[in-house]
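# Structural characterization, general
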Amino acid sequence: MYTPQPENKFTFGLWTVGNPGRDPFGEAVRHTLSPVEIVHLLGEVGAYGVNFHDNDLVPIDATAAQRDQIVRDFKQALADTGLVVPMATTNLFSDPAFRDGAFTSNDRHVRAYALQKTMNAIDLGVELGAKIYVFWGGREGTETDAGKNPITAIERSREAMNYLCEYVMDKGYDLKFALEAKPNEPRGDIYNATTGNMLAFIQTLDHPNMVGVNPEVAHEHMAGLNFTHQVAQALEAGKLFHIDLNDQAFGRYDQDYRFGSVNLKSAFFLVKLLADNGYDGNLHFDAHAYRTADYDDVKAFARGCMRTYLILKEKAAQFKADGEIQALLAEINSDDGELTPFMGQYSAAKAAALRAHPFDRAALGRRGQPYERLDQLTIELLLGVR
Ligand code: GLT
Ligand code: MN
Ligand code: MN
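Thresholds, definitions, all that
Residues numbered from 1 in each chain as written. Chains lettered and ligands numbered in written order. Predicted model: local features only at pLDDT ≥ 70, side-chain atom pairs only at ≥ 80, totals over all residues. Heavy atoms only, no water. Donors = N, O, S within 2.8 Å, 3.2 Å for Na, K, Ca; no water. Helix = DSSP H or I, 4+ residues; strand = E, 2+ residues; numbered from the N terminus. Buried < 20%, exposed > 50% of the residue type's maximum accessible area, 1.4 Å probe, protein only. Core = buried A, V, L, I, M, F, W, Y, C linked by side-chain atoms within 4.5 Å. Contact = heavy atoms within 4.5 Å. 1 Å grid on protein atoms, 1.4 Å probe; cavity = no way out; pocket = protein on both sides within 12 Å on 5 of 7 lines; lining within 4 Å. Points joined across faces, edges and corners; volume = space filled by probe spheres on them. Nonpolar A, V, L, I, M, F, W, Y, C, P; charged D, E, K, R; others polar. Pairing = 2+ DSSP bridges. Axes fitted to C-alpha atoms, helices over the stretch in contact; angles between N-to-C directions. Phe/Tyr/Trp six-rings, centres within 6.5 Å; stacked < 30°, edge-to-face > 60°.

## A word on the coordination of the manganese ion (ligand 3)
Note on the manganese ion (ligand 3): its protein donors are Glu-216 (OE), His-219 (NE2), Asp-254 (OD), Asp-254 (OD) and Asp-256 (OD). The metal-donor distances range over 2.0 to 2.5 Å. Positions of the donor residues of the manganese ion (ligand 3) along the chain correspond to the pattern E-x2-H-x34-D-x1-D. Taken as a pair, the manganese ion (ligand 3) and the manganese ion (ligand 2) lie 4.7 Å from each other and share Glu-216 as a ligand. You can see Glu-216 sitting in the loop between β8 (211–213) and α8 (217–222) and its partner Asp-256 sitting in the loop between β9 (244–245) and α10 (264–276), a full 40 residues away along the chain. Each member of the pair, Glu-216 as well as Asp-256, is classed as buried.

## Here's the deal with the nonpolar core
Grouped together as the largest cluster of nonpolar side chains are 94 residues, with contacts concentrated most on Phe-12, Phe-74, Phe-177, Phe-259 and Leu-274. The contacts of Phe-259, once residues within four sequence positions are left out, are Leu-245, Asn-246, Ala-267, Leu-270, Val-271, Phe-285, Cys-305, Thr-308, Tyr-309 and Leu-312. Counting residues in each nonpolar core, the second largest holds six residues, with Met-87, Ile-132, Val-134 and Phe-241 among its members.

## Quick word on the layout of surface pockets
Space inside the largest pocket adds up to approximately 1,500 Å³. Taken together, 48 residues form the lining of the largest pocket, with Trp-15, Asn-19, Arg-22, Asp-256 and His-288 sitting closest to its centre. Looking at the lining of the largest pocket, the elements that each hand over two or more residues are α1 (14–17), α2 (35–45), α3 (54–57), β3 (87–89) and β4 (132–136). Tallied by class, residues from the lining of the largest pocket come to 19 nonpolar, 13 polar and 16 charged. The calculated volume of the second largest pocket comes to roughly 300 Å³. Surrounding the second largest pocket, 14 residues form its lining, Asp-54, Asn-55, Val-58, Ile-60 and Asn-120 being those nearest its centre. Per-element accounting of the lining of the second largest pocket gives the leading share, six residues, to helix α5 (residues 108–127).

## A short note on the sheet that holds strand β1 (residues 10–13)
Taken together, eight strands build an open sheet; the order of strands is β8-β6-β4-β3-β2-β1-β10-β9 and the sheet is parallel. Strands at the two margins of the open sheet, each flanked by one partner only, are β8 and β9. In this sheet, strand β6 (residues 176–180) lies alongside β4 in parallel orientation, the contact comprising five bridges. Within β6, the residue paired with Phe-135 across the bridge is Leu-179. Helix-sheet contacts for helix α6 (residues 150–171) involve β4, β6 and β8, and the interaxial angle to β6 is about 155 degrees.

## Here's the deal with the packing of aromatic side chains
Applying the stated criterion across every chain, the model contains 16 aromatic pairs. Between Phe-10 and Phe-285, the aromatic rings sit 5.4 Å apart at their centres with planes inclined by 45 degrees, giving tilted as the arrangement. With Phe-10 in strand β1 and Phe-285 in strand β10 (residues 283–285), this pair connects stretches of sequence that are 275 residues apart. Residue Phe-285 is classed as buried on the basis of its relative accessible area, which comes to 0%. Ring centres 5.3 Å apart and planes at 55 degrees place the aromatic pair Phe-268 and Phe-269 in the tilted group.

This is the structure:
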């Protein structure tokens, strides 16, 4: 019943289930899987797609011949498992060259190298079928604002995005960009810290239609924000090109936990939002298994991400079909229509009529809303007792 289907478009990055469990305080706890082995693992758990950074697949110092062999093997693994590559991205954060950022580095040589590396990585992604290209600027930030003008950083980010949009058009690729925000880590502060910042930034680009966002649960929670509201703004603007699902306790470092494992209620409202609004893009689990996991437990982690999503999707359908919940919603949204003619599109006549209308302010202030009852019903539905 909660078996993942291709139409769910559940995807994982090579770097997610392939994460060997290294952290800032400890070494790897799992042996490194090859990209081919990771594809087979994902096939086994029922994922639809696999995403990668250029260097998750092709090591940064690989020769052209090695690259071609790796790509051949990877394509074979895709063919053997039926997995597809919906998204690709660039690693612009691991190599020491990017210690002061990539597109926003103060060193023009680094900025140019970042463009070159990204063009190569775009070619690789497109060769393997990617239609979405993610930009996560993990190193695009500062520890001190003494060294870099934040306005210069915005201008450099814009120059890079414009350049790369032109590259994609020049090549005739069918590829869209999705910008992923994060407030901090690994930099002290990262530019364009939230999805809202990204949405505003996109409107300043030369080809805004090619560019949307890739919000991640953990990153908005790190910023103390309501992820569902962030995603709603992106959806409403037609900019939700991709989404990174995981979970995260507020106020912590980037935990990238299994989807739904921490904030079940907010995960429910997110799934409900996506379902109610017909989001049909990829559902990418950008999450990592606990460091305590062995590879059997990593598979349980991956299955858990998808299963929780499907269970919450069913709960969203139940919410819609629940008579008591819907009656409360109808009561909450009841409208006698009396004031409709004065609202909507402005006209001088409407404004004059509205200004002349007598309001009983005290009566407006007496009206309560049964949100406690509605929320308790929601909780009971999620707890499985409705
Ligand atoms: C990195 C980061 C993620 C990004 C990935 C894409 S890499 O693991 O923590 O949130 O989505 O670059
Ligand atoms: Mn992410
Ligand atoms: Mn993260």
